[in-house]
Amino acid sequence: MSGSGAGVVVVGAGLGGIRVAESLRNHGFTDPITLVGAEDHPPYDRPPLSKSVLLGKDDRVDLKPEEFYGESGITLRLGSAVTSVSPAGKTITLASGDTLAYDTLVLATGLNPRPFPGLADAVAGVHMIRTYDDAVALRGEIDAASTAVVIGAGFIGCEVAASLTSRGLSVSLVEPAPTPLAVALGEEIGTLVSRLHTANGVDLRTGVGVAEIVVVEDPTGPKVTAVKLDDGTELSADIVVVGIGSTPVTGYLDGSGIELAPREAGGGIACDATGHTSAENVYAVGDVANWRDQDGTPHRVEHWNHTVEQASVVAHQIAGGDAVTAGVSYFWSDQFDLKIQVLGSPRADDTVHVVDDDGKKFVAYYSRDGVLTGVVGAGKVGAVMKTRSKLQTPTPIADLL
């Protein structure tokens, strides 16, 4: 790699960032690598936050041991939010005012959870989960609480509801859509997920929105006491967890000239099919990155395995390899005693074929225009994973039914 000697700077010390750095070293890349993170913690795994960390089974799950960074020659700059990027000058500026030069820049800044509209920033008992500190703060309130309301039945909301129920709280899960996960997986599979939650004691409120989070003034400050729904119901709440989506962290790119994807395409940083942004020698990976598929359609995917594959693709190119593309998308969600797996790219408006359902565990195939697009299963690990090869090339759904 030729350049100024500044090497690679990775903005975002999460899964995508550390996997880019690790993959570069594995490819024999010897130039400097600097990993810049806004949090004070070294890179850690986020999926356990709403599950094992919240349940108290794990503490922070670091992605690499402390000695890895020194042994690999990777410089960590933690507690250092990036405020601006200058592609023309090949520099980034930190909140401290420091400026770092780069030869190649990788943007992996992830997401910020969307706050509940109109709610003050600091209300005791109200939580969002994106960081380790968020999960620890919520975990610290569980023992003193008896009731919880989770707003939003996406994957994070469903996981949090399951975890809080497992900790002995009386939990209401509120979702405006007809079922949990309806936006991601459609109502048919959402109904099967509903069955799982109600069987485990979750008070599931679907098809209804939240009118107000009720807050009272306590001697120590504002504190949540209840949640009012659009239908007039008031749910008691010692704890409220807001899980109404996230937005890509891109504010630091204002004025940089780096192109962002339109909101209707998922937002985030616009990339080609191999992670290049509109700026020379600048890539993006992970939740913040909106990559085009081989047909030119932009997609922003918020899944663990997808981030790992994107990091490998980008690192391979930076280290001098030919461009390669990511494989079949895969992610999972642990809810109660079931692992819900999603393989491929199913959409809520696809045709769903439930091929196995024993009243708890299930497997479903998704198809679009007669072709298999994805497989979703709960408690059926082997049955889901053996279909991976069918998603690597176009497979008529009729061949599987």
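- With an unreviewed UniProt entry as reference, the protein is termed FAD-dependent oxidoreductase, source organism Gordonia amicalis.
- Taken directly from UniProt, the Cofactor (unreviewed entry) text for the protein runs: "FAD".

### As for the overall build of the protein
Part 1 of the reasoning: Along the backbone of the protein there are nine helices and 26 strands.
Part 2 of the reasoning: Taking 21 Å as the expected radius of gyration for a compact globule of 401 residues, we find that the protein reaches 22 Å, a close match to that expectation.
Part 3 of the reasoning: Dimensions along the principal axes, computed over C-alpha positions, put the protein at roughly 65 × 60 × 40 Å.
Part 4 of the reasoning: When burial is assessed residue by residue, the protein has 51% of its 401 residues classed as buried.
Part 5 of the reasoning: A separation of at least 24 residues holds for 58% of the contacts in the protein among residues at least 6 apart in sequence.

### Description of the sheet that holds strand 18 (residues 269-270)
Part 1 of the reasoning: Read from one edge to the other, the open sheet built from three strands follows the order 18-20-21, with strand pairing classed as mixed. Unpaired on one side and paired on the other, strand 18 and strand 21 (298-299) mark the two borders of the sheet.
Part 2 of the reasoning: Examined bridge by bridge, strand 18 and strand 20 (residues 289-292) share two bridges and lie parallel to one another. If you follow Ile 269 over to strand 20, its bridge partner there is Ala 289.

Criteria and thresholds
Residues numbered from 1 in each chain as written. Predicted model: local features only at pLDDT ≥ 70, side-chain atom pairs only at ≥ 80, totals over all residues. Heavy atoms only, no water. UniProt positions renumbered as here; feature names shortened; annotations may be inferred. Helix = DSSP H or I, 4+ residues; strand = E, 2+ residues; numbered from the N terminus. Rg over C-alpha atoms; globule rule 2.2 N^0.38 Å. Buried < 20%, exposed > 50% of the residue type's maximum accessible area, 1.4 Å probe, protein only. Contact = heavy atoms within 4.5 Å. Pairing = 2+ DSSP bridges.

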